[in-house]
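Fold and geometry: a report
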Amino acid sequence: MGKELREKGYMSFSSDTAVSMIEVAQKIGKIFRVPTMPLVQTLTPRQKENELKNTYSGNFGLDDFPFHTDLAHWYVPPRYLFLRCIVPGPDVATKLIDSRDICGDIDADIFSRSHFKPRKRLDKAANLLKVKQGEIFRWDSIFIEPANSNAEMLKLKIQDAISNAKYISLNLDRSGQCLLIDNWRILHGRSAVSKKSMGRRIERVYFDEVMI
Ligand SMILES: [Fe+2]
């Protein structure tokens, strides 16, 4: 991992719009294939009513997407999240919070005593998850849920810390604009989508490893 990514937990840069996402991505890292998704996923604003409840759009539609890390309900979520703008949404902001800013005021003990589980998992033997697990930080207010009373308390503390945290607001406002995020450290969210931003198109891949 390069210095900028290691220090900030994310980096933003431009790419040549004549080059495909897959080619850009292959130069950056080792693409991680999510079994149920295409290798490159296209993100567009969606009306809540038309979407499945196991997606962010099915829960929040065009409203703000709350801060989360991706695939937080997996035992080991993908390490990096890479977004590339195809069509900008003029007034849509991507927002980032460094988990180090929100964990600092929470007692380390409560993290180790708090167990979460994937939402709606029928398999009772499913792994219990910790918000901080080795190098991994995960957070998602809908896809993981508290499995004990410590976790109920931790959830309140994290939500409170998120609402008070300073966040970085970026706009993927040019075609080819890229954002690489350490998904084990940085929470991301998205502002609401207005009518004029309905054409927004972002492509996404996940990486296990990156070369930059
Ligand atoms: Fe996400």
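Attention here is on the structure that accompanies the text. (Residues numbered from 1 in each chain as written. Predicted model: local features only at pLDDT ≥ 70, side-chain atom pairs only at ≥ 80, totals over all residues. Heavy atoms only, no water.)

Points about the environment of Leu-128
Tracing the sequence through the fold places Leu-128 in the loop between β7 (116-118) and β8 (132-133). Taking the C-alpha atoms as reference points, Leu-128 and Lys-117, separated by 11 residues in sequence, lie 5.2 Å from one another. If sequence neighbours within four positions are ignored, Leu-128 has contacts with Tyr-75, His-115, Phe-116, Lys-117 and Ala-147. (Helix = DSSP H or I, 4+ residues; strand = E, 2+ residues; numbered from the N terminus. Contact = heavy atoms within 4.5 Å.)

Brief notes about the pairing of strand β14 (residues 201-210)
By the criterion of burial, β14 is predominantly enclosed, with 7 of the 10 residues buried. Of the pairings in the sheet, the one linking strand β2 (residues 29-32) to β14 comprises 4 bridges and is antiparallel in character. If you follow Gly-29 over to β14, its bridge partner there is Val-210. Of the pairings in the sheet, the one linking strand β3 (residues 41-43) to β14 comprises 3 bridges and is antiparallel in character. Its bridge partner lying in β14, Leu-43 is registered against Ile-202. Alignment of strand β5 (residues 80-87) against β14, held across 7 bridges, turns out to be antiparallel. Following the sheet pairing, Val-87 is matched in β14 by Arg-201. (Buried < 20%, exposed > 50% of the residue type's maximum accessible area, 1.4 Å probe, protein only. Pairing = 2+ DSSP bridges.)

All quantities given are derived from atomic positions and should not be read as evidence of function.
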